[in-house]
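So you can see what is in the structure, the chains are spelled out below.
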Amino acid sequence: QVMLLESRGGLVQAGDSLRLSCAASERTFSNYAMAWFRQAPGKEREFVAAINWSGNKTYYGDSVNGRFTISGDLAKYAVYLQMNNLKPEDTAVYFCAADRDPIPAYLGVSYYSYGPMYDFWGQGTQVTVSS
């Protein structure tokens, strides 16, 4: 069974940076995308960023665009999230996700932000940003 494992998050202060990693336990699926979502207490799950392996095209949610950067290594089935200038509102549990289905090139961020399109999910890692 495919499993996704996120690196440990942490407790940081506003303005600090943090890097998250995620890797798949199996490298048996192809032509897919990987993404990061987050969920704060009492709030809905929120799209953070995604990467399509075809051309390494990236997509970002409005709340993190310009501060976060997603990257990956397809050969290792790994994805990373570099978080800069962190704010208290970034506090949440961060989840890694992966999609094994082909994605037409004309689809944009609205597609990648839809949680149910992903096939595999990690258990989540806590990121806390203090004022």
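Keep in mind that what you see is a predicted model, and the values were worked out from it rather than measured.

Chemist: What is the right way to read the pattern of salt bridges from this model?
Modeler: Going through the model one piece at a time under the given rule, you end up with four salt bridges. With a shortest N-O distance of 2.8 Å, Asp90 and Arg67 are connected by a salt bridge. Here the residue Asp90 occupies a position in the loop between strand S8 (78-83) and strand S9 (92-99), and Arg67 occupies one in the loop between strand S6 (57-60) and strand S7 (68-73), the gap between them amounting to 23 residues. Classification of Asp90 as buried rests on a relative accessible area of 0%. For Arg67, a relative accessible area of 11% puts it in the buried group. Between Arg100 and Asp119 there is a salt bridge, with its nearest N and O atoms 3.8 Å apart. Residue Arg100 is located in the loop between S9 and helix H1 (109-112), and its partner Asp119 is located in the loop between H1 and strand S10 (120-121); the two are separated by 19 residues in the primary sequence. A relative accessible area of 47% means that Arg100 is categorised as partly exposed.

Chemist: How do you make sense of unusual backbone geometry when you look at a structure like this?
Modeler: If a residue is not glycine, its phi is most likely negative; likewise, a peptide bond is most likely trans. Positive phi values are uncommon outside glycine, yet Asn56 reaches one of about 55°. On the secondary structure map, Asn56 appears in the loop between strand S5 (46-52) and S6. Unlike most non-glycine residues, Asn85 shows phi in positive territory, near 50°. Among the structural elements, Asn85 can be located in the loop between S8 and S9.

Calculation criteria
- Residues numbered from 1 in each chain as written.
- Predicted model: local features only at pLDDT ≥ 70, side-chain atom pairs only at ≥ 80, totals over all residues.
- Heavy atoms only, no water.
- Salt bridge = Lys/Arg side-chain N within 4 Å of Asp/Glu carboxyl O.
- Helix = DSSP H or I, 4+ residues; strand = E, 2+ residues; numbered from the N terminus.
- Buried < 20%, exposed > 50% of the residue type's maximum accessible area, 1.4 Å probe, protein only.

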